[in-house]
Amino acid sequence: MKVTDFQSAMFFWFILLFIFYLLIYYRQKHGYWKKFGLKGPLPVPFLGTSYVYLRRPLHVVETELIQKYGQIVGMFEGAKPTLLVSDPEFIKTIALKEFHSFPQSFTFSSYKHPLEQLFPELIWGSKWKHSRGQITQCFTVAKLRKAFPMIEKCSDMCVKSLADEIQRCDAIEMKSFWFKYYCDTIFQFCLNLDAHVYQSRDNIIVEKMIDLSRPFIPAFIMNMFLPEWIMKTFHLSALDKKALDYLEKLVTHLIETRRLRKDERQTDVLNRLIAINETSSEQSTEIELVAAIVDLLFNGFETSSSLLAWCSWRLAFNQDVQDRLTKEIDSLNSLDYDSLLSAQYLDAVISESLRIDPPETHNERVCHTTYHHPETGIVIPAGSKVSMPIYAMHHNPDNFPDPEKFNPDRFLPDNRNAIKPFTYIPFGVGYRACLGTKYALLVSKMALAKLLQSYRFVVTPSTTIDLDYDWGSILLCADEINVGIEKRM
Ligand code: HEM
């Protein structure tokens, strides 16, 4: 045998052995959940079970997985075991009772922009606790009451902008329409800054916020099966780098200006955070403050605009619900803070909309210390992700009878108690639940009520019932949510 033949043969055997080793390695790793009797889709080398998410929306896949394999599904990201849990008691344990073992929320992508690394929703431990404590003080009922006139002004502007829009087309794309309103309110609430969302076509703030709202889907998907070092080497972040750079500069500039020219009268989140931080025993750095504000701006428009977009679409198809809601709004003496929050049917419509079309379809916790679940005997290894399929839980007939029916009555005070705890989780659950809940509800109720005082949502030829959902994101999105808007008689 010649030397080169010998080398080729060696190489061939080496490759064969390596493949054999990988197959054994993955077979052994992928047997993990079987030990606990858990079922799930067949894992394959390299991808694990992540291939099930390719080319179909996350919420559709998760609903099918739960129906097929039960309330706890054993999954794998590559070789790493992950769990999909829709059992309410298990969720309560992870998010509340055993929070110390599951302190981390979303992972998104293993590479993150330096600012994103400091986002309160992505950090954990004492830094998160400190930051959450500071931000919570900016979202109290008293602060929301103070912001109420600003919210009312923004909703008036939003409704006014409709007059022109309905002249131009038979239907309006709801996500872009509501996007402007939420962008307007969150910039005013956080930075006391007018983003001029209705005045200019080339509006840089709106442009950057739109870029930020479009996650880089390939990075999101690749994160499920590519090793961390590849994501980090190629800086594969899920969020738009230029948009984050722009917002970082903007907020840093505003912080510097505020420090130079102190104005105690400013009641926006930025001023409050600076003031709270100055008197705090454990001070946040400037970049941490910037990250907190940018995280709020990001959260403040994305999910909320999705809520009212879906709600408008549902109301167009459910004229009886819309009539009842309009009647309630007309019966209110004024749309002040207290009457708005006491409107029971309005609350029920928003709550049902959040159930049937939850803006975030999926939630996560990451296990930091190996956890043994006493009731099932399941051991969740440190580093594993536990996913909670919000959409699938909201559409499970055991939790909500006739789940595909848009029925706000489920959330009227007499019926609300019948909802099983930890099955309705549009704002997440436990210590890390959404801290913008009250703000999001107030801002959404205000705009919806203002709009329905003068207009109604209708179905037009471009309003489709079978929407093409986007895939590769945890948000419930469709390409276009077109709804007609008519002036009320
Ligand atoms: C309809 C609107 C909204 C929905 C459906 C929503 C939903 C969620 C969900 C599901 C989570 C994850 C909670 C968990 O891990 O258990 C979350 C977290 C969060 N949300 Fe919201 N959200 C909305 C609006 C807002 C607004 C308006 C803000 C701020 C202005 C906000 C700020 C946050 C923050 C900072 C977190 C991270 C909390 C933490 O990890 O401690 N959200 N939200």
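Residues numbered from 1 in each chain as written. Predicted model: local features only at pLDDT ≥ 70, side-chain atom pairs only at ≥ 80, totals over all residues.

## Side note on the overall build of the chain
Okay, step 1: Counting its regular elements, the chain contains 18 helices and nine strands.
Okay, step 2: Taken against the 2.2 N^0.38 rule, which gives 23 Å for 489 residues, the C-alpha radius of gyration of the chain at 24 Å falls within 12% of a compact globule.
Okay, step 3: By its C-alpha atoms, the chain is 95 × 55 × 45 Å across when sized along the principal axes.
Okay, step 4: When the 489 residues of the chain are sorted by exposure, 42% land in the buried category.
Okay, step 5: Put simply, of all contacts in the chain between residues at least 6 apart along the chain, 75% involve residues at least 24 apart. (Helix = DSSP H or I, 4+ residues; strand = E, 2+ residues; numbered from the N terminus. Rg over C-alpha atoms; globule rule 2.2 N^0.38 Å. Buried ≥ 20, exposed ≤ 12 C-beta atoms within 10 Å, placed from the backbone. Contact = placed C-beta atoms within 7 Å.)

## Details of helix α6 (residues 174–191)
Okay, step 1: If you check α6, its first and last C-alpha atoms are 25 Å apart, about what 18 residues at 1.5 Å a residue would give, namely 26 Å.
Okay, step 2: Burial of α6 is extensive: 16 of the 18 residues sit out of reach of the surface. (Expected span 1.5 Å × (residues − 1).)

## What about the site of the ligand?
Okay, step 1: The local shell around the ligand holds 25 residues, among which E121, N299, G428, C434 and G436 are the closest.
Okay, step 2: Among the secondary structure elements, those contributing two or more residues to the shell around the ligand are α12 (286–317) and α18 (437–454).
Okay, step 3: The element that contributes the greatest number of residues to the shell around the ligand is α12, accounting for seven residues.
Okay, step 4: Among the residues forming the shell around the ligand, the class breakdown is twelve nonpolar, eight polar and five charged. (Near = placed C-beta within 6 Å. Nonpolar A, V, L, I, M, F, W, Y, C, P; charged D, E, K, R; others polar.)

## A few points about the nonpolar core
Okay, step 1: With 119 residues, the main nonpolar core has C183, C190, I293, V294, L297 and V483 as its most contacted residues.
Okay, step 2: Examining the composition of this core, we find that 18 residues originate from one element, α12, more than from any other.
Okay, step 3: The residues touching V483, leaving out its near neighbours within four places in the chain, are A171, I172, M174, S312, W313, A316, F457 and T463. (Core = buried A, V, L, I, M, F, W, Y, C linked by C-beta atoms within 7 Å.)

## Some thoughts on the environment of N417
Okay, step 1: By secondary structure assignment, the location of N417 is in the loop between α17 (413–416) and α18.
Okay, step 2: The class of N417 is exposed, set by 6 C-beta atoms lying within 10 Å.
Okay, step 3: Here the alpha-carbon distance between N417 and L42, two residues 375 residues apart in the chain, equals 39 Å.

## Details of the UniProt feature "transmembrane region" (unreviewed entry) in the chain
Okay, step 1: UniProt records the feature "transmembrane region" (unreviewed entry) at residues 6–26, using the numbering of this structure.
Okay, step 2: Secondary structure across residues 6–26 divides into 100% helix and 0% strand, with the first and last C-alpha atoms of the span separated by 30 Å. (UniProt positions renumbered as here; feature names shortened; annotations may be inferred.)

## Brief notes about the sheet that holds strand β9 (residues 482–487)
Okay, step 1: With respect to topology, three strands assemble into an open sheet ordered β3-β9-β8, the strand pairing being antiparallel. Of all strands in the sheet, those bounded by a partner on one side alone are β3 (172–173) and β8 (455–458).
Okay, step 2: In this sheet, β9 lies alongside β3 in antiparallel orientation, the contact comprising two bridges. Paired with I172 across the bridge in β9 is V483. (Pairing = 2+ DSSP bridges.)

## Examining the UniProt feature "binding site: heme" (unreviewed entry) in the chain
Okay, step 1: Here the UniProt feature "binding site: heme" (unreviewed entry) sits at C434.
Okay, step 2: Given 18 C-beta atoms within 10 Å, C434 falls into the partly exposed group.

## Comments concerning the packing of α12 against α18
Okay, step 1: Contact geometry for α12 and α18: axes closest at 10 Å, N-to-C directions at 40°. Looking at the two axes, α12 sits oblique to α18. The two elements α12 and α18 meet at a crossing, and its hand is right-handed. For the pair α12 and α18, the contacting residues are S304, L307, L308 and C311 in the first and A440, V443, S444, A447 and L448 in the second.
Okay, step 2: In the contact of α12 with α18, the residues fall into seven nonpolar, two polar and no charged. (Axes fitted to C-alpha atoms, helices over the stretch in contact; angles between N-to-C directions. Parallel < 35°, antiparallel > 145°, perpendicular 65-115°, else oblique. Left-handed = near helix turned anticlockwise from the far one by under 90°.)

## Section: the sheet that holds strand β2 (residues 80–85)
Okay, step 1: Read across the open sheet, the four strands follow the order β1-β2-β7-β4; overall the sheet is mixed. Here the strands that pair on one side only, and so sit at the sheet edges, are β1 (72–77) and β4 (363–366). If you compare each strand with its neighbour and ignore which way they point, the axes differ by 25° on average.

## Quick look at helix α4 (residues 125–136)
Okay, step 1: Its twelve residues give α4 an end-to-end C-alpha distance of 16 Å, which sits within 8% of 16 Å, the value for a rise of 1.5 Å per residue.
Okay, step 2: Listed in full, the buried residues belonging to α4 are S131, Q134 and I135. Burial along α4 is one-sided: seen end-on, the buried residues are contained in an arc of 95°. Residues of α4 that are exposed and point over 90 degrees away from its buried face: G125, S126, G133 and T136.
Okay, step 3: Buried residues in α4 make contact with α11 (269–278) and α12. (Arc of directions from axis to C-beta.)

## Brief notes about the pairing of β1
Okay, step 1: Across the six residues of β1, five count as buried, placing the element largely inside the fold.
Okay, step 2: Here β1 pairs with β2 via six bridges, running antiparallel. For V73, the partnering residue across the bridge sits in β2 and is L84.
Okay, step 3: Between β1 and β2, which follow one another and run antiparallel, lie two residues, and G78 among them has a positive phi close to 65°.

## Thoughts on the environment of E173
Okay, step 1: Tracing the chain through its elements places E173 in strand β3.
Okay, step 2: Residue E173 is classed as partly exposed on the basis of its C-beta count, with 17 C-beta atoms lying within 10 Å.
Okay, step 3: When the C-alpha atoms of E173 and N363 are compared, they prove to be 27 Å apart, with 190 residues separating the residues in sequence.
Okay, step 4: Every residue in contact with E173, bar those within four places of it in the chain, is listed here: E480, I481 and N482.

## So, the environment of K405
Okay, step 1: Residue placement: K405 occurs in the loop between α16 (390–394) and α17.
Okay, step 2: Between the C-alpha atoms of K405 and V443, which are 38 residues apart in sequence, the distance is 25 Å.

## Remarks on the packing of helix α10 (residues 241–260) against α12
Okay, step 1: In contact at an axis separation of 9 Å, α10 and α12 are set at 120° when each is read in the N-to-C sense. Taken together, α10 and α12 sit at an angle that is classed as oblique. Relative to α12, the crossing made by α10 is right-handed. Residue-level contacts link L244, L247, E248, V251, T252 and I255 of α10 to E286, L289, V290, I293, V294 and L297 of α12.
Okay, step 2: For the contact of α10 with α12, a count of residues per class yields nine nonpolar, one polar and two charged.

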